[in-house]
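Geometric and topological summary
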Amino acid sequence: DTGVSQNPRHKITKRGQNVTFRCDPISEHNRLYWYRQTLGQGPEFLTYFQNEAQLEKSRLLSDRFSAERPKGSFSTLEIQRTEQGDSAMYLCASSTGTGIDEQYFGPGTRLTVT
Amino acid sequence: AQTVTQSQPEMSVQEAETVTLSCTYDTSESDYYLFWYKQPPSRQMILVIRQEAYKQQNATENRFSVNFQKAAKSFSLKISDSQLGDAAMYFCASQGGSEKLVFGKGTKLTVNP
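The structure presented is a predicted model; accordingly, all values stated were derived computationally and were not measured. (Residues numbered from 1 in each chain as written. Chains lettered and ligands numbered in written order. Predicted model: local features only at pLDDT ≥ 70, side-chain atom pairs only at ≥ 80, totals over all residues. Heavy atoms only, no water.)

Some thoughts on the interface of chain A and chain B
As a measure of interface size, the accessible area lost when the parts come together is often cited. Facing the 20 residues of chain A at the interface are 17 residues of chain B. Across the chain A to chain B interface the summed buried area is about 1,600 Å²; carbon plus sulfur atoms make up 53%. Applying the counting rule to chain A against chain B returns three salt bridges. Linking chain A with chain B are eight residue pairs in polar contact (both at pLDDT 80 or more), by the criterion used here. Looking at the side of chain A that touches chain B, the elements with two or more residues in it are strand S4 (31–37) and strand S5 (44–50) of chain A. Considering every element that reaches the side of chain A that touches chain B, the biggest residue donor is S4(A), with four residues. Residue classes in the side of chain A that touches chain B are distributed as 10 nonpolar, six polar and four charged. (Contact = heavy atoms within 4.5 Å. Buried area = accessible area lost by both parts, 1.4 Å probe. Salt bridge = Lys/Arg side-chain N within 4 Å of Asp/Glu carboxyl O. Polar contact = N/O pair within 3.5 Å; in protein donor to acceptor, adjacent residues only side chain to side chain. Helix = DSSP H or I, 4+ residues; strand = E, 2+ residues; numbered from the N terminus. Nonpolar A, V, L, I, M, F, W, Y, C, P; charged D, E, K, R; others polar.)

Next up, the structure:
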């Protein structure tokens, strides 16, 4: 069990550019979640997958955001035409999908849009 | 909709002393879970303790315990014998009716030697 990993850890981009983040969940975890955390706030839910199916999306997830989880393994979160308001820490979590279903978090990707 | 409120942006405690972090929540779900997560500086979030709403007994994990008052919708975290390594942001979260976690804004805990 190597834990949830996220890449890159830091990303600086210019406004209007597209960025993509990757999350590798704990192996055999069926559920994968994306959250966004801005300075001084708690994480806010963006979306989650059960295997490869995207089951819930927050209204925070505008049409510039898209997430995928092909083959039910790793997931990518893409932000198109980035805006300064997209600057935040993007957190990924995974869980088994059974029982109390504790979510295990990755270290996050910090995005800075200049 | 679920909401979680943490009214203490910052708290401090002397090493070896006890501190209590407050959390209130609101939910229309009858079946839900409550959590406290710890986020150390520049490190990933980890689960400290969890409580199933249908259980009357307060959860305990070593030096960490909760005071769950269901009628008052209150879920406070008590840290006993505080250690320097307890310094972190602490987030209260709820989960019910959906798989997502709803977090409060967090409480920054400082432990003074």
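What follows picks up the thread again.
Digging into the state of the cysteines
Counted by the stated rule, this structure contains two disulfides over all chains. Between the sulfur of Cys23(A) and that of Cys92(A) lies a disulfide, 1.8 Å long from S to S. When the S-S torsion is -70°, as for the bridge of Cys23(A) with Cys92(A), the disulfide is left-handed. Here Cys23(A), found in strand S3 (residues 19–24), pairs with Cys92(A), found in strand S9 (residues 88–95); they are 69 residues apart in sequence, far enough to count as distant. Each of the two residues, Cys23(A) as well as Cys92(A), counts as buried. Through a disulfide, Cys23(B) is tied to Cys92(B); the S-S separation comes to 2.0 Å. Given an S-S torsion of about -70°, the disulfide between Cys23(B) and Cys92(B) has left-handed geometry. Here Cys23(B) is found in the loop between strand S3 (19–21) and strand S4 (24–26), whereas its partner Cys92(B) is found in strand S10 (residues 88–95), with 69 residues between them in sequence. According to the relative accessible area criterion, Cys92(B) is buried, its value standing at 1%. (Disulfide = S-S within 2.5 Å. Buried < 20%, exposed > 50% of the residue type's maximum accessible area, 1.4 Å probe, protein only.)

Description of the pairing of S10(B)
On a regular strand, each side chain points to the face opposite its neighbour's, so the side chains alternate between the two faces of the sheet. Residues and elements named next belong to chain B. In terms of residue burial, S10 counts as a mostly covered element, since seven of its eight residues are buried. In the sheet, strand S5 (residues 33–39) pairs with S10 via seven bridges, with the strands oriented antiparallel. By the bridge assignment, Trp 36 is partnered in S10 with Cys 92. Both S10 and strand S12 (residues 107–112) contribute to a ladder of three bridges, which runs antiparallel. Bridge pairing in S12 links Tyr 90 to Thr 107. Hairpin geometry of S10 and strand S11 (residues 102–103) is characterised by an intervening segment of six residues between the two adjacent antiparallel strands and by a positive phi of about 75° at Gly 97. (Pairing = 2+ DSSP bridges.)

Regarding the pattern of salt bridges
In this structure the tally under the stated criterion is 10 salt bridges over all chains. Among the salt bridges present, the one from Arg64(A) reaches Glu83(A), with a minimum N-O distance of 3.4 Å. Here Glu83(A) lies in the loop between strand S8 (75–79) and S9 and Arg64(A) lies in the loop between strand S6 (53–57) and strand S7 (65–68), a separation of 19 residues in the sequence. Under the relative-accessibility criterion, Arg64(A) is labelled buried at 10%. Residue Glu83(A) is classed as partly exposed on the basis of its relative accessible area, which comes to 40%. Taking the shortest distance from any N to any O, the salt bridge between Asp86(B) and Arg63(B) comes out at 2.8 Å. With Asp86(B) in the loop between strand S9 (74–79) and S10 and Arg63(B) in the loop between strand S7 (60–61) and strand S8 (64–69), the pair connects residues that are 23 residues apart, well separated along the chain. Arg63(B) matches Asp86(B) in its accessibility class, with the two residues each being buried.

What to know about the environment of Ala1(B)
Residues and elements named next belong to chain B. Take Ala 1: it is sitting in the segment before strand S1 (3–5). By relative accessible area, Ala 1 is classed as exposed at 94%. Distance from Ala 1 to Thr 27, taken between C-alpha atoms, is 6.4 Å for residues 26 residues apart in sequence. Not counting residues within four places of it along the chain, the set of residues in contact with Ala 1 comprises Asp 26 and Thr 27.

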